[in-house]
Amino acid sequence: LIDYAEAICGKRYAYFIGWFTSTVYNPVIAATLAYIAATYFCMMLGLEMYGQANTGFSILFVFIIIVVNMLAPKLAGKIQVSTTVIKLTPIIAMGLIGSIIGIVNGNGITVFEAANATGVDRGFEGVFAGVCAFAFAYEGWIAATTINSELKNPQRDLPLALIIGGIFCTLIYMIYVYSMSATLSPSEIIACGDNLPKIAFSNVFGNIAGNIILAFVVISCLGTANGMTMCTLRGFYSLAIRDKGPNPKALSSVDETTGMPLVSSVVGIGLIVYILLVHIR
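Remember, it's a predicted structure, so these values are computed and weren't measured experimentally. (Residues numbered from 1 in each chain as written. Predicted model: local features only at pLDDT ≥ 70, side-chain atom pairs only at ≥ 80, totals over all residues. Heavy atoms only, no water.)

Visitor: So what exactly am I meant to see when it comes to the overall build of the protein chain here?
Guide: In terms of regular secondary structure, the protein chain is built from 13 helices and zero strands. Starting at the N terminus and ending at the C terminus, the protein chain contains elements arranged as α-α-α-α-α-α-α-α-α-α-α-α-α. Counting every position in the protein chain, which comprises 281 residues, the buried fraction comes to 36%. Sequence separation of at least 24 residues holds for 69% of the intrachain contacts in the protein chain that already meet a minimum separation of 6. A total accessible area of about 15800 Å² is found for the protein chain, and carbon and sulfur atoms account for 70% of it. (Helix = DSSP H or I, 4+ residues; strand = E, 2+ residues; numbered from the N terminus. Buried < 20%, exposed > 50% of the residue type's maximum accessible area, 1.4 Å probe, protein only. Contact = heavy atoms within 4.5 Å. Areas by Shrake-Rupley, 256 points an atom, 1.4 Å probe, with all protein chains shown as cover.)

Pasting the structure below:
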């Protein structure tokens, strides 16, 4: 991201972007997603969603993600790919089958009728609200650029991955959101709250599938938390190699065994852990 900011708006702007993403944005998202994963994990086990168990699992998940990224960065990359494939499986299944059910029961048409009934004056409110949600959901599109220097052919592979991946994910999630809307009424969706995935999948595939989907949600959250952790650990390194930030010489050092920027990673770990503990309190 810093490379793109520097190319478009100059070095000073890139410097501020680097500081913000490294100290606030990336570690906040990494810590929050670990907490959300713990919340759904507690739901899956039948435990209190926001109690001591949630705190313990949040810390455990962050610890495991950090250890994997520090000691085996290549494994962390493979985990990222695996979690993406795993979480897409139920989304695609729900998108296809839920859409068919929506056509059969008539809810699919009701969804479009409800959207048209909002009128021109209020129509863009939903659009802008959706843009905010999509900006968060597609953070991986930006985060993927963090590892550009570790790719064999980044000039070719990275643009292809971003373009093809972005188009594919957009289509899949559009079908998925439509299928959820076609399966449940708007009032039912609002009433579900955090239980929406479980209830929606239970309605389509049965109660057992409703419980299993929580495991997929946990894997999805942990996969994204892993990706944001990868970004956070490399954040200060991206500044240091430009001779920017505090102590660039130390922060730009790379461990010969793992290929990870060791000092930058330690700083990133501290930020993630600190934000997680503050959030839990």
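Next comes the rest of the description.
Visitor: Got a minute to help me understand helix H3 (residues 52-71) in this structure?
Guide: Spacing of three or four residues puts side chains on the same side of an α-helix, whose turn is 3.6 residues. Spanning 20 residues, H3 covers 29 Å between terminal C-alpha atoms, matching the ideal 28 Å at 1.5 Å per step. When H3 is considered as a whole, its buried residues turn out to be Asn54, Ser58, Phe61, Val62, Ile65, Ile66, Val68, Asn69 and Met70. (Expected span 1.5 Å × (residues − 1).)

Visitor: How should the side chain of serine 264 be read in this particular structure?
Guide: Tracing the backbone through its elements, the reader meets serine 264 in helix H13 (residues 262-280). The buried category is assigned to serine 264, whose relative accessible area is 0%. There is a polar contact of 3.4 Å between the side chain of serine 264 and the backbone nitrogen of phenylalanine 236. Ignoring any residue separated from it by four or fewer positions in sequence, one finds serine 264 in contact with Leu233, Arg234, Gly235, Phe236, Tyr237 and Leu251. (Polar contact = N/O pair within 3.5 Å; in protein donor to acceptor, adjacent residues only side chain to side chain.)

Visitor: Sorry, what's going on with unusual backbone geometry here?
Guide: Of note in the backbone geometry, aspartate 243 takes a positive phi value of approximately 65° without being a glycine. Among the secondary structure elements, aspartate 243 is positioned in the loop between helix H11 (207-240) and helix H12 (248-251). Even without glycine at this site, asparagine 247 takes up a positive phi of about 50°.

Visitor: Would you explain the environment of glycine 268 in this entry?
Guide: Tracing the backbone through its elements, the reader meets glycine 268 in helix H13. Using a relative accessible area of 0% as the deciding quantity, one classes glycine 268 as buried. C-alpha separation for the pair glycine 268 and threonine 232, spaced 36 residues apart in sequence, amounts to 5.3 Å. Excluding its chain neighbours within four sequence positions, the residues that come into contact with glycine 268 are Thr232 and Leu233.

Visitor: Explanation requested: the nonpolar core in the structure shown.
Guide: Ranked by internal contacts, the top residues of the largest apolar core, which has 20 residues, are Val62 and Met228. Per-element tally for this core: the top contributor is helix H2 (residues 11-45), with six residues. If we skip the residues at most four places from it in the chain, valine 62 touches Ala34, Ile272, Val273 and Leu276. If you look at the next biggest cluster of nonpolar residues, it comprises 13 residues, including Leu88, Met94, Ile172 and Phe201. (Core = buried A, V, L, I, M, F, W, Y, C linked by side-chain atoms within 4.5 Å.)

Visitor: What am I meant to see in the packing of aromatic side chains here?
Guide: We describe a pair of aromatic rings using the distance from one ring centre to the other and the angle between the two ring planes. Within the structure shown, the criterion is met by seven aromatic pairs. Plain terms: the ring middles of tyrosine 15 and phenylalanine 16 are 5.8 Å apart, the flat faces sit at 55° to each other, and that makes the pair tilted. According to the relative accessible area criterion, tyrosine 15 is partly exposed, its value standing at 26%. Ring centres of phenylalanine 41 and phenylalanine 61 lie 5.7 Å apart, and the angle between their planes is 75°; this geometry places the pair in the edge-to-face category. Here phenylalanine 41, found in helix H2, pairs with phenylalanine 61, found in helix H3; they are 20 residues apart in sequence, far enough to count as distant. One aromatic cluster in this structure is built from Tyr15, Phe16, Trp19 and Phe236. (Phe/Tyr/Trp six-rings, centres within 6.5 Å; stacked < 30°, edge-to-face > 60°.)

Visitor: Teacher, can you tell me more about the pattern of salt bridges here?
Guide: Think of it this way: side chains of opposite charge can pair up when their charged atoms draw near. Taken as a whole and assessed by the stated rule, the structure comprises two salt bridges. Here arginine 242 ties to glutamate 6 by a salt bridge, and the two come within 2.9 Å at their closest N and O atoms. In this pair, arginine 242 sits in the loop between H11 and H12 while glutamate 6 sits in helix H1 (residues 2-9), placing the two residues 236 residues apart along the sequence. A relative accessible area of 24% places arginine 242 in the partly exposed class. (Salt bridge = Lys/Arg side-chain N within 4 Å of Asp/Glu carboxyl O.)

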